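As a plain string of letters, each chain reads:
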Amino acid sequence: MKALFTLLFIISLSFANDATIEVIKKVESLPSLAVEESSTSYDDTFKLKFFKSFIADLNVISIFNVDRHYRKTDYDANDVIVENKDMKYVLRYQVFEDDSGYFNAKMKLIKESQELMNKNYRIKKKDFYMFISHAMAYDINEFMGEPSVEWMKRKVIFSRVVAPKKSELVIADYTLSYQFVVVSGGFNVFPKWANKAQNKFYYTSFDGAKPTLKKVDIKTGKTKSIISSDGMMICSDVSDDGDKLLLTMAPEGQPDIYLYDVKSKKHSRVTKYGGIDVNGQFIDDKNIVFISNRLGYPNVFSKELANNNVEQMVYYGKSNAACSAHNEYIVYKARESSNAFSKNTFNLHLISTKTDFIRRLTASGINEFPRFSKDGNAILFIKNYKAQSSIGIIRLNHNKNYLFPLKYGKVQSMDW
Amino acid sequence: MKSILLSSVVTALLVFSGCSDKSPKVDDTSSASSTATQEVEAVKTETIASDNGMISSGSESISDLESKLTSVYFAFDKFNISSQMKNNVSADAAIIKANASSYSLKLEGNCDEWGSDEYNFALGLKRADAVKKALVAEGADASKITMVSYGESNPTCSSKTQDCWSKNRRVDFKLLP
(Lines give C-alpha, C1' and ligand atoms only; values in the text may rest on other atoms or scores of the structure.)
Protein backbone atom coordinates (compact mmCIF):
# COMPACT_ATOMS: atom_id res chain seq x y z
CA MET A 1 0.00 0.00 0.00
CA LYS A 2 2.86 2.31 0.86
CA ALA A 3 4.43 1.49 -2.49
CA LEU A 4 1.19 2.38 -4.24
CA PHE A 5 1.04 5.81 -2.62
CA THR A 6 4.71 6.41 -3.39
CA LEU A 7 4.08 5.50 -7.01
CA LEU A 8 1.04 7.76 -7.20
CA PHE A 9 3.02 10.59 -5.64
CA ILE A 10 5.92 10.21 -8.06
CA ILE A 11 3.57 10.14 -11.05
CA SER A 12 1.67 13.15 -9.77
CA LEU A 13 4.94 15.09 -9.44
CA SER A 14 6.02 14.17 -12.94
CA PHE A 15 2.79 15.59 -14.42
CA ALA A 16 2.31 18.49 -12.06
CA ASN A 17 3.84 21.12 -14.31
CA ASP A 18 2.66 19.85 -17.66
CA ALA A 19 0.40 22.45 -19.28
CA THR A 20 -1.00 19.86 -21.68
CA ILE A 21 -2.82 18.32 -18.73
CA GLU A 22 -6.07 20.04 -17.94
CA VAL A 23 -6.00 21.65 -14.55
CA ILE A 24 -9.56 22.36 -13.57
CA LYS A 25 -9.91 24.71 -10.66
CA LYS A 26 -13.58 24.51 -9.91
CA VAL A 27 -15.31 27.85 -9.62
CA GLU A 28 -16.64 26.89 -6.20
CA SER A 29 -13.14 26.36 -4.89
CA LEU A 30 -12.02 29.89 -5.77
CA PRO A 31 -12.42 32.54 -3.05
CA SER A 32 -15.39 34.86 -3.58
CA LEU A 33 -14.85 38.51 -4.39
CA ALA A 34 -17.44 41.30 -4.51
CA VAL A 35 -16.78 44.69 -6.06
CA GLU A 36 -18.14 47.90 -4.53
CA GLU A 37 -18.20 51.11 -6.51
CA SER A 38 -17.82 54.57 -4.91
CA SER A 39 -17.23 56.89 -7.84
CA THR A 40 -17.96 60.57 -7.50
CA SER A 41 -17.33 61.94 -11.00
CA TYR A 42 -18.60 60.97 -14.45
CA ASP A 43 -22.05 59.85 -15.61
CA ASP A 44 -23.70 56.54 -14.83
CA THR A 45 -23.05 55.15 -18.31
CA PHE A 46 -19.32 55.63 -17.95
CA LYS A 47 -19.31 54.33 -14.39
CA LEU A 48 -21.01 51.13 -15.53
CA LYS A 49 -18.62 50.82 -18.46
CA PHE A 50 -15.65 50.98 -16.12
CA PHE A 51 -17.28 48.49 -13.76
CA LYS A 52 -17.80 46.01 -16.62
CA SER A 53 -14.23 46.40 -17.78
CA PHE A 54 -12.91 45.85 -14.27
CA ILE A 55 -15.12 42.79 -13.69
CA ALA A 56 -13.89 41.34 -17.01
CA ASP A 57 -10.27 41.86 -15.93
CA LEU A 58 -10.92 40.29 -12.53
CA ASN A 59 -12.47 37.29 -14.29
CA VAL A 60 -9.53 36.95 -16.64
CA ILE A 61 -6.99 36.78 -13.79
CA SER A 62 -8.98 33.67 -12.79
CA ILE A 63 -8.14 33.62 -9.08
CA PHE A 64 -11.52 34.73 -7.70
CA ASN A 65 -15.12 33.71 -8.05
CA VAL A 66 -16.19 37.24 -8.95
CA ASP A 67 -19.66 38.48 -8.00
CA ARG A 68 -20.99 40.54 -10.90
CA HIS A 69 -23.53 42.66 -9.02
CA TYR A 70 -23.02 46.38 -9.48
CA ARG A 71 -23.32 47.83 -5.94
CA LYS A 72 -22.48 51.30 -4.70
CA THR A 73 -21.23 52.50 -1.36
CA ASP A 74 -19.21 55.27 0.24
CA TYR A 75 -15.47 54.79 -0.32
CA ASP A 76 -14.69 55.44 3.35
CA ALA A 77 -17.58 53.40 4.78
CA ASN A 78 -16.43 51.24 7.67
CA ASP A 79 -18.49 48.22 6.76
CA VAL A 80 -18.96 46.41 3.50
CA ILE A 81 -22.44 46.37 1.92
CA VAL A 82 -24.81 43.96 3.68
CA GLU A 83 -25.13 41.72 0.63
CA ASN A 84 -21.37 41.30 0.60
CA LYS A 85 -20.99 40.26 4.23
CA ASP A 86 -20.35 36.64 3.33
CA MET A 87 -17.81 37.38 0.64
CA LYS A 88 -14.25 36.29 1.29
CA TYR A 89 -12.88 39.48 -0.27
CA VAL A 90 -14.43 42.85 -1.09
CA LEU A 91 -12.78 45.22 -3.52
CA ARG A 92 -13.88 48.84 -3.26
CA TYR A 93 -12.87 51.41 -5.85
CA GLN A 94 -13.56 54.96 -6.88
CA VAL A 95 -12.93 56.76 -10.17
CA PHE A 96 -12.91 60.55 -10.23
CA GLU A 97 -11.69 63.55 -12.18
CA ASP A 98 -9.20 65.80 -10.40
CA ASP A 99 -8.75 69.57 -10.72
CA SER A 100 -6.38 69.12 -13.67
CA GLY A 101 -9.00 67.09 -15.52
CA TYR A 102 -6.98 63.87 -15.13
CA PHE A 103 -8.69 60.51 -14.72
CA ASN A 104 -8.02 59.04 -11.27
CA ALA A 105 -8.79 55.75 -9.64
CA LYS A 106 -8.17 54.35 -6.20
CA MET A 107 -8.96 50.95 -4.78
CA LYS A 108 -8.68 48.93 -1.61
CA LEU A 109 -8.95 45.21 -0.99
CA ILE A 110 -10.87 44.28 2.15
CA LYS A 111 -10.98 40.95 3.97
CA GLU A 112 -12.95 40.50 7.19
CA SER A 113 -13.21 44.29 7.66
CA GLN A 114 -9.43 44.64 7.38
CA GLU A 115 -7.89 46.66 4.56
CA LEU A 116 -5.28 44.41 2.95
CA MET A 117 -3.93 46.79 0.32
CA ASN A 118 -4.73 50.03 -1.46
CA LYS A 119 -3.44 51.80 -4.52
CA ASN A 120 -3.99 54.99 -6.53
CA TYR A 121 -3.87 55.53 -10.30
CA ARG A 122 -3.81 58.62 -12.49
CA ILE A 123 -3.91 59.05 -16.25
CA LYS A 124 -4.39 62.08 -18.47
CA LYS A 125 -7.33 60.99 -20.58
CA LYS A 126 -10.50 59.27 -19.49
CA ASP A 127 -10.53 57.42 -22.83
CA PHE A 128 -7.65 55.28 -21.58
CA TYR A 129 -9.69 54.03 -18.60
CA MET A 130 -9.32 50.37 -19.65
CA PHE A 131 -5.56 50.52 -19.06
CA ILE A 132 -6.25 51.60 -15.46
CA SER A 133 -8.72 48.75 -15.12
CA HIS A 134 -6.08 46.27 -16.42
CA ALA A 135 -3.44 47.74 -14.10
CA MET A 136 -5.74 47.41 -11.08
CA ALA A 137 -6.44 43.74 -11.84
CA TYR A 138 -2.71 43.19 -12.46
CA ASP A 139 -1.83 44.69 -9.07
CA ILE A 140 -4.43 42.60 -7.23
CA ASN A 141 -3.03 39.48 -8.90
CA GLU A 142 0.50 40.51 -7.81
CA PHE A 143 -0.69 41.18 -4.25
CA MET A 144 -2.30 37.74 -4.06
CA GLY A 145 1.05 36.23 -4.99
CA GLU A 146 -0.19 34.58 -8.18
CA PRO A 147 1.99 34.00 -11.28
CA SER A 148 2.43 37.26 -13.15
CA VAL A 149 -0.13 38.40 -15.70
CA GLU A 150 2.31 40.83 -17.30
CA TRP A 151 0.68 40.14 -20.68
CA MET A 152 -2.41 41.96 -19.45
CA LYS A 153 -0.53 45.23 -19.79
CA ARG A 154 0.85 44.45 -23.24
CA LYS A 155 -0.60 45.87 -26.42
CA VAL A 156 -2.09 43.89 -29.27
CA ILE A 157 -1.50 44.90 -32.87
CA PHE A 158 -3.78 43.45 -35.52
CA SER A 159 -4.79 43.91 -39.13
CA ARG A 160 -8.47 44.29 -39.88
CA VAL A 161 -9.80 43.61 -43.36
CA VAL A 162 -12.49 46.20 -44.13
CA ALA A 163 -13.03 45.40 -47.84
CA PRO A 164 -11.39 43.16 -50.44
CA LYS A 165 -7.68 44.13 -50.58
CA LYS A 166 -8.26 46.90 -48.04
CA SER A 167 -7.18 46.73 -44.43
CA GLU A 168 -6.05 48.81 -41.50
CA LEU A 169 -3.56 48.16 -38.74
CA VAL A 170 -4.90 48.69 -35.24
CA ILE A 171 -3.18 48.89 -31.86
CA ALA A 172 -5.39 47.83 -28.96
CA ASP A 173 -5.34 46.70 -25.37
CA TYR A 174 -5.75 42.95 -24.89
CA THR A 175 -9.56 43.23 -24.66
CA LEU A 176 -9.85 45.42 -27.78
CA SER A 177 -11.70 48.05 -25.70
CA TYR A 178 -9.16 50.66 -26.73
CA GLN A 179 -8.41 50.79 -30.43
CA PHE A 180 -6.14 53.10 -32.35
CA VAL A 181 -5.85 52.87 -36.13
CA VAL A 182 -2.13 53.27 -36.77
CA VAL A 183 -2.02 52.53 -40.53
CA SER A 184 -5.04 53.02 -42.77
CA GLY A 185 -5.66 52.91 -46.52
CA GLY A 186 -4.23 50.28 -48.88
CA PHE A 187 -3.66 46.65 -48.09
CA ASN A 188 -1.36 46.09 -45.10
CA VAL A 189 -1.22 42.79 -43.23
CA PHE A 190 0.78 40.60 -40.82
CA PRO A 191 1.81 43.21 -38.23
CA LYS A 192 4.49 42.03 -35.80
CA TRP A 193 6.02 43.82 -32.83
CA ALA A 194 9.71 44.58 -33.48
CA ASN A 195 10.84 44.69 -29.82
CA LYS A 196 9.79 43.97 -26.27
CA ALA A 197 9.04 47.63 -25.59
CA GLN A 198 6.38 47.52 -28.32
CA ASN A 199 7.34 50.90 -29.73
CA LYS A 200 8.23 49.60 -33.21
CA PHE A 201 6.51 47.10 -35.46
CA TYR A 202 6.87 45.38 -38.82
CA TYR A 203 4.14 44.79 -41.36
CA THR A 204 3.68 43.69 -44.95
CA SER A 205 2.62 46.35 -47.43
CA PHE A 206 1.07 45.44 -50.78
CA ASP A 207 1.05 48.99 -52.07
CA GLY A 208 4.27 48.75 -54.11
CA ALA A 209 5.19 46.58 -57.08
CA LYS A 210 6.20 43.77 -54.72
CA PRO A 211 5.06 42.82 -51.21
CA THR A 212 7.36 44.79 -48.92
CA LEU A 213 8.26 44.45 -45.26
CA LYS A 214 8.08 47.83 -43.55
CA LYS A 215 9.10 48.95 -40.10
CA VAL A 216 7.30 51.69 -38.19
CA ASP A 217 8.70 53.65 -35.25
CA ILE A 218 5.60 54.61 -33.29
CA LYS A 219 7.31 57.43 -31.39
CA THR A 220 8.64 59.24 -34.45
CA GLY A 221 5.97 58.02 -36.86
CA LYS A 222 8.68 57.15 -39.39
CA THR A 223 8.25 54.20 -41.73
CA LYS A 224 11.07 52.52 -43.61
CA SER A 225 11.16 49.69 -46.11
CA ILE A 226 13.19 46.70 -44.96
CA ILE A 227 13.07 44.10 -47.74
CA SER A 228 10.84 43.11 -50.68
CA SER A 229 10.09 39.84 -52.39
CA ASP A 230 8.06 38.84 -55.38
CA GLY A 231 5.02 36.78 -54.42
CA MET A 232 5.17 36.76 -50.63
CA MET A 233 6.72 38.64 -47.75
CA ILE A 234 5.76 38.03 -44.14
CA CYS A 235 7.61 38.60 -40.88
CA SER A 236 6.70 35.43 -39.00
CA ASP A 237 8.73 35.92 -35.85
CA VAL A 238 11.16 38.29 -34.13
CA SER A 239 13.90 36.95 -31.85
CA ASP A 240 13.76 37.93 -28.17
CA ASP A 241 16.55 40.48 -28.63
CA GLY A 242 14.90 41.85 -31.78
CA ASP A 243 18.06 41.24 -33.87
CA LYS A 244 16.85 38.35 -36.00
CA LEU A 245 13.68 37.88 -38.04
CA LEU A 246 12.14 34.76 -39.52
CA LEU A 247 10.63 35.78 -42.85
CA THR A 248 8.53 33.92 -45.37
CA MET A 249 9.58 35.03 -48.84
CA ALA A 250 9.11 33.67 -52.34
CA PRO A 251 11.58 35.38 -54.68
CA GLU A 252 11.13 32.61 -57.28
CA GLY A 253 7.48 31.87 -56.54
CA GLN A 254 8.59 29.32 -53.97
CA PRO A 255 7.51 30.11 -50.38
CA ASP A 256 10.40 29.38 -48.00
CA ILE A 257 11.61 30.53 -44.62
CA TYR A 258 14.52 32.96 -44.44
CA LEU A 259 16.58 34.26 -41.52
CA TYR A 260 17.12 38.03 -41.65
CA ASP A 261 19.78 39.83 -39.62
CA VAL A 262 18.45 43.26 -38.63
CA LYS A 263 21.92 44.77 -38.07
CA SER A 264 23.76 43.46 -41.12
CA LYS A 265 20.59 43.53 -43.28
CA LYS A 266 21.61 40.17 -44.76
CA HIS A 267 19.34 37.19 -45.15
CA SER A 268 19.85 33.47 -45.63
CA ARG A 269 17.50 30.72 -46.77
CA VAL A 270 16.54 28.31 -43.99
CA THR A 271 14.21 25.85 -45.78
CA LYS A 272 14.59 24.50 -49.31
CA TYR A 273 11.62 22.19 -49.81
CA GLY A 274 9.84 22.54 -53.16
CA GLY A 275 6.35 22.82 -51.63
CA ILE A 276 5.17 25.24 -48.95
CA ASP A 277 7.29 26.20 -45.93
CA VAL A 278 5.88 29.07 -43.84
CA ASN A 279 5.22 30.39 -40.32
CA GLY A 280 8.75 30.03 -38.89
CA GLN A 281 8.86 30.47 -35.09
CA PHE A 282 11.97 30.64 -32.93
CA ILE A 283 12.14 27.98 -30.22
CA ASP A 284 15.57 29.29 -29.18
CA ASP A 285 18.65 30.73 -30.89
CA LYS A 286 19.32 27.54 -32.81
CA ASN A 287 15.96 25.89 -33.48
CA ILE A 288 12.71 26.82 -35.17
CA VAL A 289 9.32 25.24 -35.73
CA PHE A 290 7.43 25.90 -38.95
CA ILE A 291 4.51 24.76 -41.11
CA SER A 292 5.21 22.66 -44.18
CA ASN A 293 3.15 20.58 -46.60
CA ARG A 294 6.00 18.11 -47.20
CA LEU A 295 3.71 15.22 -46.21
CA GLY A 296 1.04 16.33 -48.65
CA TYR A 297 -0.90 18.38 -46.08
CA PRO A 298 0.13 21.23 -43.75
CA ASN A 299 1.76 20.09 -40.53
CA VAL A 300 4.18 21.30 -37.85
CA PHE A 301 7.90 20.53 -38.18
CA SER A 302 11.06 21.60 -36.40
CA LYS A 303 14.50 22.31 -37.74
CA GLU A 304 17.91 23.42 -36.56
CA LEU A 305 18.94 26.66 -38.25
CA ALA A 306 22.46 25.31 -38.85
CA ASN A 307 21.58 22.09 -40.69
CA ASN A 308 18.90 20.55 -42.88
CA ASN A 309 17.52 17.96 -40.46
CA VAL A 310 13.74 18.32 -40.28
CA GLU A 311 11.60 16.60 -37.66
CA GLN A 312 7.81 16.15 -37.64
CA MET A 313 6.40 17.56 -34.42
CA VAL A 314 2.67 16.79 -34.59
CA TYR A 315 0.99 13.47 -35.34
CA TYR A 316 -2.62 14.49 -34.77
CA GLY A 317 -4.89 16.55 -37.04
CA LYS A 318 -5.51 16.38 -40.78
CA SER A 319 -4.46 19.88 -41.60
CA ASN A 320 -2.30 21.80 -39.12
CA ALA A 321 -1.73 25.13 -40.80
CA ALA A 322 -0.50 27.52 -38.06
CA CYS A 323 1.56 27.28 -34.88
CA SER A 324 3.27 29.18 -32.09
CA ALA A 325 6.02 27.86 -29.82
CA HIS A 326 7.14 28.54 -26.27
CA ASN A 327 9.94 26.41 -24.81
CA GLU A 328 8.78 22.80 -25.11
CA TYR A 329 5.16 23.74 -25.85
CA ILE A 330 3.63 24.13 -29.28
CA VAL A 331 0.11 25.37 -29.89
CA TYR A 332 -1.24 24.64 -33.36
CA LYS A 333 -4.40 25.00 -35.40
CA ALA A 334 -5.90 21.74 -36.67
CA ARG A 335 -8.75 20.86 -38.99
CA GLU A 336 -10.43 17.99 -37.22
CA SER A 337 -13.33 16.89 -39.38
CA SER A 338 -12.86 14.94 -42.58
CA ASN A 339 -15.39 17.18 -44.26
CA ALA A 340 -13.53 20.37 -45.02
CA PHE A 341 -16.57 22.57 -44.65
CA SER A 342 -18.44 21.03 -41.77
CA LYS A 343 -19.04 22.96 -38.57
CA ASN A 344 -16.45 22.99 -35.82
CA THR A 345 -13.72 23.00 -38.36
CA PHE A 346 -10.55 24.51 -36.92
CA ASN A 347 -9.50 24.09 -33.30
CA LEU A 348 -6.37 24.89 -31.34
CA HIS A 349 -4.37 22.14 -29.68
CA LEU A 350 -1.48 22.22 -27.27
CA ILE A 351 1.32 19.66 -27.24
CA SER A 352 4.53 19.26 -25.33
CA THR A 353 7.63 18.04 -27.14
CA LYS A 354 8.46 16.06 -24.00
CA THR A 355 5.22 14.08 -23.64
CA ASP A 356 2.64 12.54 -25.96
CA PHE A 357 -0.30 14.46 -24.52
CA ILE A 358 -2.51 16.63 -26.69
CA ARG A 359 -4.87 19.14 -25.16
CA ARG A 360 -7.69 20.65 -27.17
CA LEU A 361 -8.07 24.31 -26.30
CA THR A 362 -11.14 25.44 -28.26
CA ALA A 363 -14.50 23.91 -29.12
CA SER A 364 -16.35 25.84 -31.81
CA GLY A 365 -15.84 28.03 -34.85
CA ILE A 366 -12.65 28.78 -36.74
CA ASN A 367 -9.86 29.30 -34.25
CA GLU A 368 -6.55 30.42 -35.62
CA PHE A 369 -3.46 32.56 -35.26
CA PRO A 370 -2.40 31.27 -31.83
CA ARG A 371 0.22 33.38 -30.08
CA PHE A 372 1.85 32.51 -26.77
CA SER A 373 2.30 35.24 -24.18
CA LYS A 374 5.94 35.99 -23.37
CA ASP A 375 5.74 33.89 -20.20
CA GLY A 376 3.89 31.05 -21.96
CA ASN A 377 1.00 31.03 -19.47
CA ALA A 378 -1.59 32.40 -21.87
CA ILE A 379 -2.43 32.11 -25.55
CA LEU A 380 -4.03 34.81 -27.63
CA PHE A 381 -5.92 33.72 -30.76
CA ILE A 382 -8.44 34.81 -33.37
CA LYS A 383 -11.87 33.28 -33.35
CA ASN A 384 -14.30 33.61 -36.24
CA TYR A 385 -17.70 32.24 -35.35
CA LYS A 386 -21.11 33.02 -36.84
CA ALA A 387 -19.85 36.06 -38.77
CA GLN A 388 -18.30 37.49 -35.59
CA SER A 389 -14.56 38.02 -35.33
CA SER A 390 -13.10 38.05 -31.81
CA ILE A 391 -9.79 37.94 -30.06
CA GLY A 392 -9.68 35.15 -27.52
CA ILE A 393 -7.41 34.57 -24.57
CA ILE A 394 -6.73 31.12 -23.13
CA ARG A 395 -5.53 30.88 -19.50
CA LEU A 396 -3.69 27.58 -19.73
CA ASN A 397 -3.33 26.95 -16.01
CA HIS A 398 -6.94 27.89 -15.31
CA ASN A 399 -8.57 26.11 -18.24
CA LYS A 400 -10.60 29.15 -19.23
CA ASN A 401 -11.14 30.99 -22.47
CA TYR A 402 -12.30 34.59 -22.72
CA LEU A 403 -13.55 36.28 -25.87
CA PHE A 404 -13.48 39.95 -26.80
CA PRO A 405 -15.47 40.64 -29.97
CA LEU A 406 -14.50 43.03 -32.74
CA LYS A 407 -17.15 45.61 -33.59
CA TYR A 408 -16.65 45.46 -37.34
CA GLY A 409 -14.39 43.95 -39.99
CA LYS A 410 -12.45 40.70 -39.76
CA VAL A 411 -9.18 40.18 -37.93
CA GLN A 412 -6.66 39.02 -40.54
CA SER A 413 -3.66 38.53 -38.27
CA MET A 414 -2.28 39.82 -35.00
CA ASP A 415 0.64 39.92 -32.63
CA TRP A 416 0.83 40.34 -28.89
CA MET B 1 2.07 -8.13 -6.51
CA LYS B 2 2.65 -7.64 -10.20
CA SER B 3 -1.07 -7.20 -10.86
CA ILE B 4 -1.39 -4.74 -7.95
CA LEU B 5 1.48 -2.72 -9.35
CA LEU B 6 -0.04 -2.76 -12.82
CA SER B 7 -3.47 -1.74 -11.57
CA SER B 8 -1.92 1.01 -9.46
CA VAL B 9 -0.13 2.38 -12.52
CA VAL B 10 -3.36 2.31 -14.50
CA THR B 11 -5.22 4.01 -11.64
CA ALA B 12 -2.52 6.62 -11.33
CA LEU B 13 -2.58 7.38 -15.03
CA LEU B 14 -6.34 7.73 -14.96
CA VAL B 15 -6.23 10.00 -11.96
CA PHE B 16 -3.46 12.29 -13.09
CA SER B 17 -3.76 12.37 -16.82
CA GLY B 18 -7.52 12.69 -16.96
CA CYS B 19 -9.64 10.60 -19.27
CA SER B 20 -8.62 10.08 -22.88
CA ASP B 21 -11.25 12.48 -24.09
CA LYS B 22 -9.52 15.84 -24.16
CA SER B 23 -12.67 17.81 -24.67
CA PRO B 24 -12.01 21.32 -23.43
CA LYS B 25 -13.83 23.23 -20.76
CA VAL B 26 -14.55 26.32 -22.77
CA ASP B 27 -16.31 29.16 -21.13
CA ASP B 28 -17.53 31.22 -24.03
CA THR B 29 -20.39 32.55 -22.01
CA SER B 30 -18.22 34.12 -19.36
CA SER B 31 -18.86 37.65 -18.33
CA ALA B 32 -15.71 38.70 -20.12
CA SER B 33 -17.31 38.04 -23.45
CA SER B 34 -20.02 40.53 -22.67
CA THR B 35 -17.55 43.34 -22.15
CA ALA B 36 -18.56 46.30 -24.22
CA THR B 37 -15.97 47.24 -26.79
CA GLN B 38 -15.54 50.91 -27.20
CA GLU B 39 -17.02 52.32 -30.37
CA VAL B 40 -14.23 53.45 -32.63
CA GLU B 41 -14.29 56.10 -35.27
CA ALA B 42 -15.53 55.33 -38.76
CA VAL B 43 -13.36 53.33 -41.11
CA LYS B 44 -10.76 55.38 -42.86
CA THR B 45 -10.09 54.38 -46.42
CA GLU B 46 -8.51 56.01 -49.37
CA THR B 47 -9.05 55.50 -53.04
CA ILE B 48 -6.27 53.61 -54.70
CA ALA B 49 -5.46 53.80 -58.37
CA SER B 50 -7.25 51.19 -60.39
CA ASP B 51 -5.38 49.35 -63.11
CA ASN B 52 -8.61 49.08 -65.03
CA GLY B 53 -8.72 52.81 -65.49
CA MET B 54 -5.57 52.88 -67.59
CA ILE B 55 -5.88 53.07 -71.36
CA SER B 56 -3.17 51.55 -73.50
CA SER B 57 -1.71 53.27 -76.54
CA GLY B 58 -2.77 50.32 -78.70
CA SER B 59 -6.12 49.65 -80.22
CA GLU B 60 -7.29 47.49 -77.31
CA SER B 61 -7.31 48.81 -73.75
CA ILE B 62 -5.83 46.88 -70.86
CA SER B 63 -9.24 46.41 -69.31
CA ASP B 64 -10.62 45.01 -72.60
CA LEU B 65 -7.80 42.51 -72.77
CA GLU B 66 -8.11 41.61 -69.11
CA SER B 67 -11.78 40.87 -69.51
CA LYS B 68 -10.89 38.23 -72.11
CA LEU B 69 -8.59 36.40 -69.72
CA THR B 70 -10.35 33.73 -67.71
CA SER B 71 -9.49 33.15 -64.05
CA VAL B 72 -8.18 29.70 -63.15
CA TYR B 73 -10.00 27.90 -60.32
CA PHE B 74 -8.66 25.30 -57.88
CA ALA B 75 -9.84 22.51 -55.58
CA PHE B 76 -9.78 22.87 -51.78
CA ASP B 77 -6.22 22.96 -50.40
CA LYS B 78 -4.80 22.21 -53.88
CA PHE B 79 -2.51 24.16 -56.18
CA ASN B 80 -2.30 21.86 -59.17
CA ILE B 81 -4.20 22.86 -62.32
CA SER B 82 -7.03 20.43 -63.04
CA SER B 83 -7.50 19.00 -66.53
CA GLN B 84 -10.69 21.05 -66.78
CA MET B 85 -8.79 24.26 -66.13
CA LYS B 86 -5.92 23.45 -68.51
CA ASN B 87 -8.08 24.59 -71.44
CA ASN B 88 -8.62 27.95 -69.69
CA VAL B 89 -4.88 28.38 -69.25
CA SER B 90 -4.20 27.49 -72.91
CA ALA B 91 -6.76 30.03 -74.07
CA ASP B 92 -5.30 32.65 -71.72
CA ALA B 93 -1.78 31.90 -72.97
CA ALA B 94 -2.90 32.37 -76.57
CA ILE B 95 -4.40 35.81 -75.79
CA ILE B 96 -1.33 36.87 -73.84
CA LYS B 97 1.06 35.85 -76.64
CA ALA B 98 -1.03 37.37 -79.42
CA ASN B 99 -2.27 40.63 -77.92
CA ALA B 100 -0.66 41.34 -74.59
CA SER B 101 3.03 40.58 -75.19
CA SER B 102 3.94 44.24 -74.63
CA TYR B 103 2.44 44.25 -71.13
CA SER B 104 3.64 42.82 -67.87
CA LEU B 105 1.38 40.21 -66.39
CA LYS B 106 0.61 40.05 -62.68
CA LEU B 107 -0.85 36.78 -61.41
CA GLU B 108 -2.92 37.20 -58.26
CA GLY B 109 -3.39 34.04 -56.18
CA ASN B 110 -6.45 33.82 -53.93
CA CYS B 111 -7.95 31.42 -51.42
CA ASP B 112 -11.28 30.75 -49.76
CA GLU B 113 -12.05 32.01 -46.27
CA TRP B 114 -10.82 28.90 -44.46
CA GLY B 115 -7.80 30.37 -42.76
CA SER B 116 -6.14 33.75 -42.64
CA ASP B 117 -2.70 32.45 -41.86
CA GLU B 118 0.54 32.36 -43.76
CA TYR B 119 -0.22 28.94 -45.18
CA ASN B 120 -3.24 30.35 -46.99
CA PHE B 121 -1.12 33.11 -48.52
CA ALA B 122 1.45 30.51 -49.58
CA LEU B 123 -1.31 28.38 -51.10
CA GLY B 124 -2.47 31.37 -53.14
CA LEU B 125 1.09 31.94 -54.30
CA LYS B 126 1.64 28.31 -55.30
CA ARG B 127 -1.55 28.58 -57.36
CA ALA B 128 -0.17 31.67 -59.09
CA ASP B 129 3.13 29.83 -59.60
CA ALA B 130 1.34 26.83 -61.14
CA VAL B 131 -0.42 29.15 -63.61
CA LYS B 132 2.88 30.91 -64.39
CA LYS B 133 4.60 27.61 -65.16
CA ALA B 134 1.69 26.55 -67.36
CA LEU B 135 1.74 29.85 -69.24
CA VAL B 136 5.51 29.67 -69.76
CA ALA B 137 5.13 26.09 -71.01
CA GLU B 138 2.68 27.48 -73.57
CA GLY B 139 5.22 30.03 -74.72
CA ALA B 140 4.56 33.11 -72.54
CA ASP B 141 7.56 35.25 -71.56
CA ALA B 142 8.51 34.35 -67.95
CA SER B 143 10.41 37.60 -67.43
CA LYS B 144 7.18 39.58 -67.85
CA ILE B 145 5.23 37.67 -65.23
CA THR B 146 5.10 38.67 -61.56
CA MET B 147 3.09 37.02 -58.81
CA VAL B 148 1.36 38.03 -55.62
CA SER B 149 -0.93 36.30 -53.15
CA TYR B 150 -3.79 37.92 -51.29
CA GLY B 151 -4.69 34.85 -49.27
CA GLU B 152 -8.37 35.01 -48.35
CA SER B 153 -8.45 38.81 -48.36
CA ASN B 154 -9.71 39.34 -51.91
CA PRO B 155 -12.92 37.34 -52.27
CA THR B 156 -15.24 37.80 -55.24
CA CYS B 157 -18.06 36.03 -53.43
CA SER B 158 -18.99 36.32 -49.77
CA SER B 159 -21.82 33.81 -49.26
CA LYS B 160 -21.24 30.87 -46.95
CA THR B 161 -21.67 28.22 -49.63
CA GLN B 162 -19.36 25.67 -51.21
CA ASP B 163 -20.07 27.17 -54.63
CA CYS B 164 -19.01 30.57 -53.37
CA TRP B 165 -15.85 29.29 -51.73
CA SER B 166 -14.85 27.53 -54.94
CA LYS B 167 -15.12 30.86 -56.78
CA ASN B 168 -12.64 32.40 -54.37
CA ARG B 169 -9.98 29.70 -54.87
CA ARG B 170 -8.61 31.23 -58.03
CA VAL B 171 -5.82 33.00 -59.87
CA ASP B 172 -6.71 36.32 -61.52
CA PHE B 173 -4.84 38.05 -64.33
CA LYS B 174 -3.84 41.71 -64.17
CA LEU B 175 -2.06 43.43 -67.04
CA LEU B 176 0.37 46.22 -66.27
CA PRO B 177 1.79 48.65 -68.82
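Keep in mind the model is a prediction, meaning the values are calculated, not measured. (Residues numbered from 1 in each chain as written. Chains lettered and ligands numbered in written order. Predicted model: local features only at pLDDT ≥ 70, side-chain atom pairs only at ≥ 80, totals over all residues. Heavy atoms only, no water.)

Caption draft 1: Examining the sheet that holds strand 7 (residues 156-163) of chain A more closely. Residue and element names in this part refer to chain A. Spatially, the four strands line up as an open sheet ordered 9-8-7-30, and their pairing is antiparallel. Looking at which strands have only one partner, the edges of the open sheet turn out to be strand 9 (179-183) and strand 30 (410-415). Strand-to-strand twist in this sheet, taken as the mean axis angle between neighbours without regard to direction, amounts to 35°. In the sheet, strand 8 (residues 166-172) pairs with strand 9 via four bridges, with the strands oriented antiparallel. Within strand 9, the residue paired with Ala-172 across the bridge is Gln-179. (Pairing = 2+ DSSP bridges. Helix = DSSP H or I, 4+ residues; strand = E, 2+ residues; numbered from the N terminus. Axes fitted to C-alpha atoms, helices over the stretch in contact; angles between N-to-C directions.)

Caption draft 2: Fine view of the packing of helix 2 (residues 44-60) of chain A against helix 3 (residues 129-143) of chain A. Residues and elements named next belong to chain A. Helix 3 packs onto helix 2 with a crossing angle of 40° between their chain directions and a minimal axis gap of 9 Å. Handedness of the crossing formed by helix 2 with helix 3: right-handed. Residues Phe-46, Lys-49, Phe-50, Ser-53, Phe-54, Asp-57 and Leu-58 of helix 2 lie in contact with helix 3, whose contacting residues are Tyr-129, Met-130, Ile-132, Ser-133, His-134, Met-136, Ala-137 and Ile-140. Taken together, the residues of the contact of helix 2 with helix 3 sort by class into ten nonpolar, three polar and two charged. (Left-handed = near helix turned anticlockwise from the far one by under 90°. Contact = heavy atoms within 4.5 Å. Nonpolar A, V, L, I, M, F, W, Y, C, P; charged D, E, K, R; others polar.)

Caption draft 3: Local environment of the environment of Trp-193 of chain A. Residues and elements named next belong to chain A. Structurally, the position occupied by Trp-193 is in strand 10 (residues 188-193). Remark: the alpha-carbon pair of Trp-193 and Val-238, spanning 45 residues in sequence, is separated by 7.7 Å. Setting aside residues up to four positions removed in sequence, Trp-193 forms contacts with Lys-155, Val-156, Ile-157, Ile-171, Gln-198, Lys-200, Phe-201, Ile-218, Val-238, Asp-415 and Trp-416. In this structure the side chain of Trp-193 is engaged in a polar contact, spanning 3.2 Å, whose partner is the backbone oxygen of Lys-155. (Polar contact = N/O pair within 3.5 Å; in protein donor to acceptor, adjacent residues only side chain to side chain.)

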